[in-house]
2 protein chains.
Amino acid sequence: MTQTDRPAETLADALARCAGAVAAELERVIARAQPVSDRLARAMRHAALAGGKRLRPFLVIESAALFGVPMPRALPAATALECVHCYSLVHDDLPAMDDDDLRRGQPTVHRAYDEATAILAGDGLLTLAFELLAEPAAAPDPAVRIALVAALARAAGGEGMIGGQMLDLAAEGRFADAGRPAPDLASVARLQELKTGALLRYACEAGGLLGGASPSEIANLQAYSRAVGRAFQIADDLLDVEGDAATVGKAVGKDSAAGKATFVELLGVDGARAELGRLVENAHAALSGFGTRATLLREAAVFIAERRN
Amino acid sequence: MTQTDRPAETLADALARCAGAVAAELERVIARAQPVSDRLARAMRHAALAGGKRLRPFLVIESAALFGVPMPRALPAATALECVHCYSLVHDDLPAMDDDDLRRGQPTVHRAYDEATAILAGDGLLTLAFELLAEPAAAPDPAVRIALVAALARAAGGEGMIGGQMLDLAAEGRFADAGRPAPDLASVARLQELKTGALLRYACEAGGLLGGASPSEIANLQAYSRAVGRAFQIADDLLDVEGDAATVGKAVGKDSAAGKATFVELLGVDGARAELGRLVENAHAALSGFGTRATLLREAAVFIAERRN
């Protein structure tokens, strides 16, 4: 407790506390759509409030906490990220995309409602993310708010997540794309950095922006988010190979069925586990300058690497 | 030429000049996605660069010009709006939504590419809109940029355009919604204010924000955009009844086939034409304080009410 006055808290408690706060904030902002269309608000709620670990907003909140920013001040930037994550799942699950019926053990939005509602609920959540960041509660200084908007738009758009999703479809052989990834480690890593890494990078970047981080602190946060992002994907690939749908909460075994190269296929199960260990070390090394304030982020790296669902 | 040093310009010339500038800006910013996915960039270009009158960005640029803001300074806020408009058309045309094969005389994005690409290209354009507004080129003052983000997110989200699109699907009887509009004039007007009016309101609001408009000037711009938005929809309804697909560039006669109440159905063709005349008068009255700088906006109101495609 040399650098912080926060009481010691277990990772599980901290995740639960964060998940509760994010859920309450999502409930509050989605309710704004209700007076126009009850169905839209219900579908957005179905997409955003069906549980989930809320790992991304947790990373925003804990990155901000490194600089002494209390959770309520980081909550809008964290909730905006969760809106983007949830919208991407809704569109990803559509019949024209991954055609999934199940998500977190519940019917996907287009199964619970219909495809048109799912498309619009996704669009509404993406738009809501930027509405949240534009409000004074996101940061008192407009320059910080606009930096958050820029960071999230870059992470979520054609040069980030959306670009990665296109490459992912191309990797499945769904259509010809000049950028179709080769089935090698560099291409799989690049796809991951875009598709799932970009939002995790925003998570840590947002914390730094809210906390007024120095350039070297930002570089360390980026190194942490890169390691954690890669670890997240490798753990996901391992679950796709080893998990069962009941534990994971969604369909498994789809990557190999789709003929996509994965980290596990390229490294083997043992190689993937060894890489996870190295990535946790890298994540911890990136946090070495932050002292005990980074305890939960250190534990989060281990949790992400070892997660079973 | 008492209040402006701009040379007199016909509306057609001004529209063409604006359309050219917006297309060049769209080309420039969509190119950013190209290094990641060529197919995504091409689909976004197909969606955003297939022509179109660029009326919405024109309204941004001319509203800003009322306050002496030159076109290049209004271009990012104008282009961001066009990104949102084009994304909404791509998603609206999807099989699960309106299922249209033709848009501006060209195959829709999901016909020219595929549904997954169309969903992601739409998502990419929506995200790009906020990326554009976050850049210093959109306005030197971060507080103005964040106000533009807030205005666009409100106009495009569940309390604006997306909410209106849900009501539109409910009006077609596609699903039960507690907010299903009654087939009366007030409900049709409310649906229009959300579905098409909200983006037009942003157009004029953005011009006012860029120009540092006073509260009474903003109120006048809002009155103008309300009148023009209503006129736009009535003209659209008349085209749906009287136009042919070759001239209009998209399928016609769909509203009555879908059983939706329209302004024309509720007012009759002659009543709708009379209402258009009143709306043009309202639009002109709202601009009375702006002198000759508002000449093009006055002409635009007439053009919108009388347009044939």
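Look up: the structure comes first, before these words.
From a predicted model like this one, the values you see are computed outputs, not experimental measurements.

## Concerning the overall build of chain A
1) Next: Secondary structure summary: chain A contains 14 helices and two strands in total.
2) Next: Against the 2.2 N^0.38 benchmark of 19 Å for 309 residues, chain A shows a C-alpha radius of gyration of 19 Å, consistent with a compact globule.
3) Next: Dimensions of chain A, computed from the C-alpha atoms along their principal axes, are close to 50 × 50 × 35 Å.
4) Next: For chain A, with 309 residues in total, the buried portion stands at 58%.
5) Next: Looking at chain A alone, contacts between residues at least 24 apart form 72% of all its contacts between residues at least 6 apart.
6) Next: Roughly 11,000 Å² of accessible area belongs to chain A as shown, and the carbon and sulfur atoms make up 53% of that amount.
7) Next: Looking at charge distribution, chain A has the averaged site of its 32 positive side-chain charges lying 3 Å from that of its 40 negative ones.

## Let's talk about the relation of the copies chain A and chain B
1) Next: Mapping chain A onto chain B calls for a rotation angle of 180° and an axial translation of 0.0 Å; the resulting RMSD is 0.0 Å. When the rotation and shift are considered jointly, the pair of chain copies conforms to a two-fold rotation axis.
2) Next: When the interface residues of chain A are mapped onto chain B, 100% of them again lie at the interface, so the same face is used by both copies.

## Topic: unusual backbone geometry
All names here are of chain A.
1) Next: Phi angles above zero are rare outside glycine, and R54 is one such case at about 60°.
2) Next: Phi at D99 is positive, roughly 55°, even though this residue is not glycine.
3) Next: Residue placement: D99 occurs in the loop between helix 4 (71-92) and strand 1 (102-103).
4) Next: Classification of D99 as partly exposed rests on a relative accessible area of 43%.

## Focus on the interface of chain A and chain B
1) Next: Taken together, the 54 residues of chain A in the interface contact 54 residues of chain B.
2) Next: Of the roughly 4,200 Å² buried where chain A meets chain B, counting both sides, 73% is carbon and sulfur surface.
3) Next: Of all residues in chain A, V36, L120 and I146 of chain A bury the most surface against chain B, accounting for 15% of the area lost on that side.
4) Next: For the pair chain A and chain B, the interface holds three residue pairs in polar contact (both at pLDDT 80 or more).
5) Next: Of all elements in the fold, only helix 2 (38-48), helix 4, helix 6 (115-134), helix 7 (142-156), helix 8 (161-171) and helix 9 (185-211) of chain A reach the threshold of two or more residues within the side of chain A that touches chain B.
6) Next: By residue number, the principal contributor to the side of chain A that touches chain B is helix 6 of chain A, which donates 13 residues.
7) Next: When the residues that make up the side of chain A that touches chain B are grouped by side-chain class, the tally is 30 nonpolar, eleven polar and 13 charged.

## Quick notes on the pattern of salt bridges
Residue and element names in this part refer to chain A.
1) Next: Following the criterion strictly, the structure yields 38 salt bridges over all chains and no others.
2) Next: Here D92 ties to K195 by a salt bridge, and the two come within 3.9 Å at their closest N and O atoms. Taken together, the positions of D92 in helix 4 and K195 in helix 9 put the pair 103 residues apart, joining distant regions of the chain.
3) Next: Note that E242 is salt-bridged to R273, the shortest N-O span being 2.7 Å. Taken together, the positions of E242 in helix 10 (residues 215-242) and R273 in helix 13 (residues 263-286) put the pair 31 residues apart, joining distant regions of the chain.

## Let's talk about the packing of helix 1 (residues 11-30) of chain A against helix 4 of chain A
All names here are of chain A.
1) Next: Helix 4 packs onto helix 1 with a crossing angle of 70° between their chain directions and a minimal axis gap of 9 Å. With respect to each other, helix 1 and helix 4 are oriented roughly perpendicular. Residues R17, C18, A21, V22, E25 and L26 of helix 1 pack against M71, L75, P76, T79, E82 and C83 of helix 4.
2) Next: Taken together, the residues that form the contact of helix 1 with helix 4 break down as eight nonpolar, one polar and three charged.

## Some remarks on the environment of S216 of chain A
1) Next: For S216 of chain A, the location among the structural elements is in helix 10.
2) Next: Along the sequence, S216 of chain A and V302 of chain A sit 86 residues apart, while their C-alpha atoms lie 24 Å from each other.

## Looking at helix 4 (residues 71-92) of chain B
1) Next: Taking 1.5 Å per residue as the helical rise, helix 4 of chain B with its 22 residues ought to reach 32 Å, and the 30 Å between its terminal C-alpha atoms agrees with that figure.
2) Next: Remark: the principal bend of helix 4 of chain B, roughly 30°, maps to A77 of chain B.

## Things to note about the packing of helix 9 (residues 185-211) of chain B against helix 13 (residues 263-286) of chain B
All names here are of chain B.
1) Next: Two elements in contact, helix 9 and helix 13, have axes whose closest approach is 9 Å; the angle formed by their N-to-C orientations is 105°. The angle between helix 9 and helix 13 falls in the class roughly perpendicular. In this structure, helix 9 uses L185, V188, A189 and Q192 to contact helix 13, whose residues at the interface are F263, L266 and L267.
2) Next: Among the residues making up the contact of helix 9 with helix 13, the classes are represented as six nonpolar, one polar and no charged.

## Some points on the state of the cysteines
1) Next: On inspection of all chains with the given rule, the structure shows zero disulfides over all chains.
2) Next: Distance from the sulfur of C86 of chain A, which forms no disulfide, to the nearest cysteine sulfur (C83 of chain A) is 7.1 Å.
3) Next: The closest cysteine sulfur to the non-disulfide-bonded C204 of chain B is located on C18 of chain B, 13 Å from its own sulfur.

Conventions and cut-offs
Each chain has its residues counted from 1, running along the sequence as written. Working convention: letters from A go to chains and numbers from 1 go to ligands, in the order in which they are written. With the structure being a predicted model, the display of local features is reserved for residues of pLDDT at least 70 and the display and counting of side-chain atom pairs for 80 or more, all residues being used for whole-chain, interface and lining totals. Computation of side-chain values: all heavy atoms of the structure, hydrogens and water removed. Under the DSSP-based scheme used, a helix requires at least four consecutive residues in state H or I and a strand at least two consecutive residues in state E, with every element numbered from the N terminus. Radius of gyration here is computed from C-alpha atoms only, and the compact-globule reference equals 2.2 Å multiplied by the residue count raised to the power 0.38. Per-residue accessibility, obtained with a 1.4 Å probe over protein chains only, is compared with the maximum for each type, and a residue is labelled buried under 20%, exposed over 50%, and partly exposed between these values. Any two residues whose heavy atoms approach within 4.5 Å are treated as being in contact. The protein chains shown are the only cover counted for residues, whose accessible areas, like all others here, come from Shrake-Rupley with a 1.4 Å probe. Charge convention: Lys and Arg are scored as positive, Asp and Glu as negative, and His as well as the terminal groups of each chain are ignored. In this description, the location of a charge corresponds to atom NZ of lysine, CZ of arginine, CG of aspartate or CD of glutamate. The copies were overlaid with a least-squares fit restricted to C-alpha atoms from residues scoring a pLDDT of at least 70 in each copy. Buried area is a sum: the accessible area each of two parts loses on coming together, probed at 1.4 Å, counted once for each and added. Whenever two N or O atoms come within 3.5 Å, that pair is a polar contact, provided that in protein one can donate a hydrogen and the other can accept it, and provided that, for residues adjacent in sequence, both atoms are side-chain atoms. For this classification, the nonpolar set comprises Ala, Val, Leu, Ile, Met, Phe, Trp, Tyr, Cys and Pro, the charged set comprises Asp, Glu, Lys and Arg, and every other residue, Gly included, is treated as polar. We count a salt bridge whenever a side-chain nitrogen from Lys or Arg sits within 4 Å of a carboxyl oxygen from Asp or Glu. Angular values range over 0 to 180 degrees, each being the angle between N-to-C directions of two axes fitted as lines to C-alpha atoms, with helices fitted over their stretch in contact. Every angle not falling under 35 degrees, over 145, or within 65 to 115 is termed oblique; those three ranges are roughly parallel, roughly antiparallel and roughly perpendicular. In this scheme, a helix's expected span is set at 1.5 Å multiplied by one less than its residue total. In this analysis the local bend is the angle between axes fitted, respectively, to the seven residues ending at and the seven residues starting at the residue. Cysteine sulfur atoms that come within 2.5 Å of each other are treated as a disulfide pair.

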